[in-house]
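Here's the letter readout for the chains.
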Amino acid sequence: MLNRDALLFSPTRDGVPSSDDHFTADDLLGAQEALEAEARDTLPYRFDQCTYDLGYIKQPLFACRTCLGDRAVCHACSISCHTSHELVELFNRRAYRCDCGTAAMGAGSCCSISGRDDAEPNSLNRIDDNFRGIFCYCGRPYDPHTETDDMLQCLVCEDWLHAACVGLPHSDDDDDPTKPLCQDDFDQLVCWRCVQGSQDVRRVMTRYAGVEGTGVLLLAPEATVFGRVRSSDTDDDDEGTVKGDDEGEAVEASAETTTEPQSEGKRKAADDAAEEPAAKRVKAAGTAATAGPSASGATEDGDAVPTGKAPDAQDPASCRAPPVVPADASPLVKLERGGARPNVYLEEGFMDRWCRCRECLGMFTKLPFLLEEEEVFEPPEDPDAHKSTFELGMNHLLTRMPRIQALDSVRAFTGLSDRLKAFFRPHADSGTSITKEHIQSFFEKERERERD
Ligand SMILES: [Zn+2]
Ligand SMILES: [Zn+2]
Ligand SMILES: [Zn+2]
Ligand SMILES: [Zn+2]
Ligand SMILES: [Zn+2]
Ligand SMILES: [Zn+2]
């Protein structure tokens, strides 16, 4: 549909036809359509509504390096208020409120959409290195035009990390059999800084990461992967069926290590029971009012700490988490003791694999994004995005100008458009080229018309 050659006629690109290039009327129309399609793809969203009033939400975010303090601006403000500024695209970030028109952006900062000026700074926005265009452990500035490595976002800190920096091949080399772990093998990544820097993350990861059959993967320096759900010693050569289709196999692989294998039927049933009140249970975890997948958890040891030494104190049927082991026996800690800085890779479906018994849910209280897919604000689509520039121009004239003047303009515009079409028609029919001279002669005649 989108003719790449036609795009070459875009005046915003290299390869703009020089005055001695020849092109046909069809080329011109094709180029126009391609450009409009491209514009719709690039800017399909409205940008006339700032998200400030929605508060702290997960949304596509930009940092403005021109305004004071490298603060966060929403998608709409990035276009409407900061379009000529130096922006860093941060993609989706959780719990940010638009800083446009707050005092944090400097005295006199004003949001051109809302008219808000010098509002209180958003004290909960976290400004990190990404806001200065610095990404990953390696601290390289990110340039979308020159960066050749894939970047992956840490689920916890939301920094973007180079595939190479987290020990993964470029996605183009994903079928490289010498690589123990490829980007296709997992769904989300938690970087080692988060594993080491957050008590909450650490508690979950020391319990699950690298334990066979949890799907919480660790990549050891000697190129071994621990924690796969799928049996790693199977000689099944169809790599493409790792997810979903291999449930039966997964059961066998994990049956020996977990008390509750992930038989599809059972898991579904457990999920159905747990699904609805899940969000509430996260919030209410630790209160007596919650009901786990089975009632047994509520009957005793209400105050038991999840890291307590005896997981067996609980009805084993109610807890699916890997057994608690002494700290230095956890695969994660073993790796760390060996000098590794282990990132954790979460296999597809990881949210279903956490145990959600009442006790275990306590581990996730501050990590709700590990339990549930987060909602991301998406700017409303631009209802005009499908219209051609001709239609847009007409709408603009008819809605903004004084009516009489507008109608005159419309007549003039459509007259010009008709004459252009009449002029191009013979060329389009015969497929002959249109030259600079043709165009000059057309506008020469137009000027004569005006003079008459
Ligand atoms: Zn905004
Ligand atoms: Zn700005
Ligand atoms: Zn704004
Ligand atoms: Zn890096
Ligand atoms: Zn991280
Ligand atoms: Zn549990």
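Starting afresh in each chain, residues are numbered from 1 along the sequence in its written order. All chains are assigned letters beginning at A, and all ligands numbers beginning at 1, according to the order in which they are written. Per-residue local features of the predicted model are confined to residues with pLDDT of at least 70, and side-chain atom pairs are confined, for both listing and counting, to 80 or more; whole-chain, interface and lining totals are unaffected and use all residues.

Caption draft 1: Summary view of the overall build of the protein chain. Numbering of helices and strands runs from the N terminus; a helix is a DSSP stretch of H or I covering at least four residues, while a strand is a stretch of E covering at least two. Across its full length, the protein chain carries 16 helices and 11 strands. Note on burial: count the other C-beta atoms lying within 10 Å of the residue's C-beta; 20 or more is buried, 12 or fewer is exposed, in between is partly exposed, and C-beta positions come from the backbone. Looking at the protein chain as a whole, 28% of its 452 residues are labelled buried. Once local pairs closer than 6 in sequence are excluded, the contacts in the protein chain between residues at least 24 apart make up 62%. Two residues form a contact once the distance between their C-beta atoms, set from the backbone, is within 7 Å.

Caption draft 2: Local environment of the confidence of the model for the protein chain. Taken over all residues, the pLDDT of the protein chain has a mean of 75, while the share at 70 or more is 65%. Across the chain, each position has a pLDDT score giving the predictor's confidence in that residue, from 0 to 100. Averaged pLDDT values for the elements of the protein chain fall to 31 in helix H8 (residues 278-284) and rise to 98 in strand E11 (residues 344-346). Here residues 1-20 is modelled with pLDDT under 50, and outside its nearest four sequence neighbours on either side it reaches 23 contacts, counting other chains as well. With pLDDT under 50 throughout, residues 232-314 is counted as low confidence; its partners more than four residues away or in other chains account for 100 contacts.

Caption draft 3: Main features of the sheet that holds E11. Strand order in the open sheet made by the four strands is E8-E11-E9-E10, with antiparallel pairing throughout. Because the sheet does not close on itself, it has two edges, and the strands there are strand E8 (188-190) and strand E10 (225-226). DSSP calls a pair of strands paired once it identifies at least 2 bridges connecting them. When strand E9 (residues 216-219) meets E11, the two strands line up antiparallel, connected through three bridges. Its bridge partner being in E11, Leu-217 is matched across the sheet by Tyr-345.

Caption draft 4: Quick peek at the pairing of E9. Burial of the side chains of E9 extends over both faces: Val-216 and Leu-218 are buried on one face and Leu-217 and Leu-219 on the other. Judged from the two bridges that link them, E9 and E10 form a sheet pairing that is antiparallel. Its bridge partner lying in E10, Leu-219 is registered against Val-225.

Caption draft 5: Representation of the nonpolar core in the model. One finds Leu-189, Val-190, Met-205, Leu-217 and Val-344 to be the most contacted residues of the largest nonpolar core, which totals 44 residues. Of all the elements in the fold, those that place two or more residues in this core are E8, helix H4 (192-197), helix H5 (199-208), E9, helix H10 (331-337), E11 and helix H12 (358-361). Beyond its immediate chain neighbours, meaning those up to four positions away, Met-205 contacts Val-190, Val-195, Val-216, Leu-332 and Val-344. If you look at the next biggest cluster of nonpolar residues, it comprises 22 residues, including Tyr-52, Ala-104, Met-105 and Phe-131. Linking buried Ala, Val, Leu, Ile, Met, Phe, Trp, Tyr and Cys residues through C-beta atoms within 7 Å yields a set, and such a set is a nonpolar core.

Caption draft 6: Just H5, in detail. Val-201, Val-204, Met-205, Thr-206, Arg-207 and Tyr-208 are the residues of H5 that are buried. Those residues of H5 that are buried are in contact with E8, H4, E9, H10, E11 and helix H13 (368-371). At the C-terminal side of H5, Gly-210 shows a positive phi close to 80°.

Caption draft 7: Representation of the environment of Arg-202 within the structure. With respect to the secondary-structure elements, Arg-202 resides in helix H5. Separated by 161 residues in sequence, Arg-202 and Met-363 place their C-alpha atoms 9.8 Å apart. Look past the residues within four positions of Arg-202 in its chain and what remains in contact with it is Val-195 and Gln-196.

Caption draft 8: Here's a closer look at unusual backbone geometry. One non-glycine residue, Asp-70, adopts positive backbone phi at about 50°. When you line up the elements, Asp-70 lands in the loop between strand E1 (57-64) and strand E2 (72-74). Given 21 C-beta atoms within 10 Å, Asp-70 falls into the buried group. The backbone phi angle of Ala-223 is positive, close to 65°, even though this residue is not glycine. Considering the arrangement of structural elements, one finds Ala-223 in the loop between E9 and E10.

Caption draft 9: Up close: the pairing of E1. Here E1 lies mainly inside the structure; six of its eight residues are buried. As judged from the seven bridges shared by E1 and strand E3 (residues 87-96), these two strands associate in the antiparallel manner. Bridging from a neighbouring strand, Cys-64 pairs with Leu-87 of E3. Bridging between E1 and E2 involves three bridges; their strand directions are antiparallel. Each bridged residue has a counterpart across the sheet, and for Phe-62 the counterpart in E2 is Val-73.

Caption draft 10: Inspection of the sheet that holds E3 at higher detail. Strand order in this open sheet of three strands is E2-E1-E3, and the pairing throughout is antiparallel. Since the sheet does not close on itself, it has two edges, and those belong to E2 and E3, each with one partner. Sheet twist, expressed as the mean angle between neighbouring strand axes with direction ignored, is 45°. In this analysis an axis means a line fitted to C-alpha atoms, helices contributing only their contacting stretch, and an angle means the value between N-to-C directions, from 0 to 180 degrees.

Caption draft 11: Spotlight on the environment of His-82. By the secondary structure assignment, His-82 is in the loop between helix H3 (75-80) and E3. Sequence separation of His-82 and Cys-100 is 18 residues, and the distance between their C-alpha atoms is 8.9 Å. Residues in contact with His-82, not counting those within four places in the same chain, are Cys-64, Cys-67, Val-73, Cys-77 and Leu-87.

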